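Below are the chains, spelled out letter by letter.
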Amino acid sequence: MNLISSISLWIIPLIILFILVIALIKKVPAYELFVEGGKEGMQLAISLLPFFLGMFVAISILQSSGALKAATSLLEPILSFLHIPKEIIPLALIRPISGTAALGMTSEIIQSYGPDSFLGRLASTMQGSTDTTFYILTVYFGAVGIKRMGDALKVGLLADIIGIIASIIIVTIVFAN
Amino acid sequence: MVNIIWMIMIIIGIIFAMLNGKMGEVNEAILTSADEAISIVIGLTSILIFWLGMMKIAEGAGLLNKLSALLSPAVKKLFPEIPANHPAMGYILANFSANLFGLGNAATPLGIKAMKEMKKLSQSDKASNSMITFLVINTSSITLIPTTVIGIRLQYGSTNPTEIVGVTLIATVITTISALIVDWIFRQKRRRWE
């Protein structure tokens with residue numbers, strides 16, 4: 001744990017140091033390049049704003065209306081038939097849609113069932129093993145102005161489903177005893 | 001498709017709230033979430049400016065080319081449409097490396113830059129094959145060490161906060177491989193249609 005946390009503390013400053021030392025050796029105008037790249041970052045952020053805001057508000061409306069909760073209880077009989085614990089279902093549904101909500105749910109599950117319980121381990125694994133599909137598609141496509149997403153959403157969501165199933169199977173096998 | 005999904009989310013949300021007596025919550029959500037979205041993007045702006053600035057230096061110093069020369073043999077097969085020496089490859093690999101080491105903050109700007117370079121190649125507002133493959137790998141995120149989750153486990157008194165690192169890695173590798181297979185299947189389907 002100590003090693004891991006010190007690696008993550010060191011890695012970013014070391015990357016910056018490495019880039020600048022090489023730039024110094026190669027006599028590259030580092031500051032000017034930094035400003036040039038930074039301007040590009042600024043423009044990207046501004047063009048991203050409407051895409052992100054639109055999607056974020058839509059997700060919040062859906063979530064606050066209780067529709068997601070209703071979908072969960074609708075799916076519950078099918079999923080419990082497949083031996084998927086019902087406590088994990090809301091997290092599985094929210095994980096691809098909202099990163100912050102999923103993180104909140106993971107903390108809640110870990111808090112109420114304990115980090116070393118089956119549910120705590122399962123929630124940890126599900127939280128860590130996939131990313132928020134909606135966020136990534138919105139931000140990446142939005143920033144470069146892609147209007148037609150093609151199969152990206154379908155493929156991303158299918159992969160999420162596989163990931164959730166994989167997490168459940170692996171956690172069950174590894175922590176069986 | 002994104003138009004329909006977006007409209008359906010809002011319409012279902014509002015109708016559901018009407019029937020469910022949650023109009024107050026929805027009203028509140030509209031106002032606060034718009035506000036929150038702005039602060040998230042502003043938070044992202046500082047990271048975008050910093051890392052794209054840094055990466056411009058790396059590009060100028062020839063480091064990005066080195067990275068793609070070093071790693072591209074491994075991922076070239078996934079992106080057959082991108083020429084080996086194209087800057088898109090460098091940014092894709094930089095994004096993967098950042099994700100691998102859990103540097104989510106640095107990964108997003110690099111990913112956006114990679115998308116921009118891929119758009120230069122495709123010259124279209126439609127997602128290209130390479131873009132879809134790239135995003136699918138990103139959504140199934142290969143991370144060696146899930147630091148946030150370890151932090152939460154530690155906070156709630158786990159006897160072994162890092163015990164999930166192994167299973168998470170297995171799960172994420174399985175997810176990424178299946179994502180690539182699903183992507184490949186859809187790619188074949190698209191090819192048949194064209």
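Residues numbered from 1 in each chain as written. Chains lettered and ligands numbered in written order. Predicted model: local features only at pLDDT ≥ 70, side-chain atom pairs only at ≥ 80, totals over all residues. Heavy atoms only, no water.

### Re helix α3 (residues 63-75) of chain B
Two residues of an α-helix separated by three or four positions point the same way, owing to the 3.6 residues in each turn. Residue and element names in this part refer to chain B. Here α3 spans 18 Å end to end across 13 residues, near enough to the 18 Å set by a 1.5 Å rise per residue. The axis of α3 is deflected most strongly, by about 35°, at Ala 69, and proline Pro 73 appears within four residues downstream. For α3, the full list of buried residues reads Leu 63, Leu 64, Ser 68, Ser 72 and Val 75. (Helix = DSSP H or I, 4+ residues; strand = E, 2+ residues; numbered from the N terminus. Expected span 1.5 Å × (residues − 1). Bend = angle between axes of the 7 residues up to and from the residue. Buried < 20%, exposed > 50% of the residue type's maximum accessible area, 1.4 Å probe, protein only.)

### Examining the pattern of salt bridges
Going through the model one piece at a time under the given rule, you end up with 11 salt bridges over all chains. Across the pair Asp 116 of chain A and Arg 153 of chain B runs a salt bridge whose closest N-O atoms are separated by 3.3 Å. One end of the pair, Asp 116 of chain A, is in the loop between α5 (99-113) and α6 (118-129); the other, Arg 153 of chain B, is in helix α7 (residues 147-155), on a second chain. Taking relative accessible area as the criterion, Asp 116 of chain A reaches 25% and is therefore assigned partly exposed. Overlapping salt bridges bring together Glu 36 and Glu 40 of chain A together with Lys 56, Lys 113, Glu 117 and Lys 120 of chain B as one network. (Salt bridge = Lys/Arg side-chain N within 4 Å of Asp/Glu carboxyl O.)

### Here we look at the interface of chain B and chain A
Often, the extent of an interface is quoted as the loss of accessible area on bringing the components together. Counting residues at the interface gives 93 residues for chain B and 89 residues for chain A. Of the roughly 8200 Å² buried between chain B and chain A, counting both surfaces, carbon and sulfur atoms make up 79%. Counting across the chain B and chain A interface gives 7 salt bridges. Note that Glu 36 of chain A is salt-bridged to Lys 56 of chain B, the shortest N-O span being 4.0 Å. Scanning the region where chain B abuts chain A turns up 18 residue pairs in polar contact (both at pLDDT 80 or more). Mapped onto the side of chain B that touches chain A, the elements with two or more residues apiece are α1 (2-20), α2 (23-60), α3, α5 (104-122), α6 (129-139), α7 and α8 (164-193) of chain B. Residue contributions to the side of chain B that touches chain A peak at 25 residues, all from α2 of chain B. Considered class by class, the residues forming the side of chain B that touches chain A number 55 nonpolar, 24 polar and 14 charged. (Contact = heavy atoms within 4.5 Å. Buried area = accessible area lost by both parts, 1.4 Å probe. Polar contact = N/O pair within 3.5 Å; in protein donor to acceptor, adjacent residues only side chain to side chain. Nonpolar A, V, L, I, M, F, W, Y, C, P; charged D, E, K, R; others polar.)

### Structural notes on the packing of helix α4 (residues 87-100) of chain B against α6 of chain B
Residues and elements named next belong to chain B. Where α4 meets α6, the axes come as close as 11 Å, and the angle between the chain directions of the two elements is 10°. Taken together, the axes of α4 and α6 lie roughly parallel to each other. Residues Ile 92, Asn 95, Phe 96 and Asn 99 of α4 form the contact with α6, whose own contacting residues are Phe 134, Ile 137 and Asn 138. Partitioning the contact of α4 with α6 into residue classes produces 4 nonpolar, 3 polar and no charged. (Axes fitted to C-alpha atoms, helices over the stretch in contact; angles between N-to-C directions. Parallel < 35°, antiparallel > 145°, perpendicular 65-115°, else oblique.)

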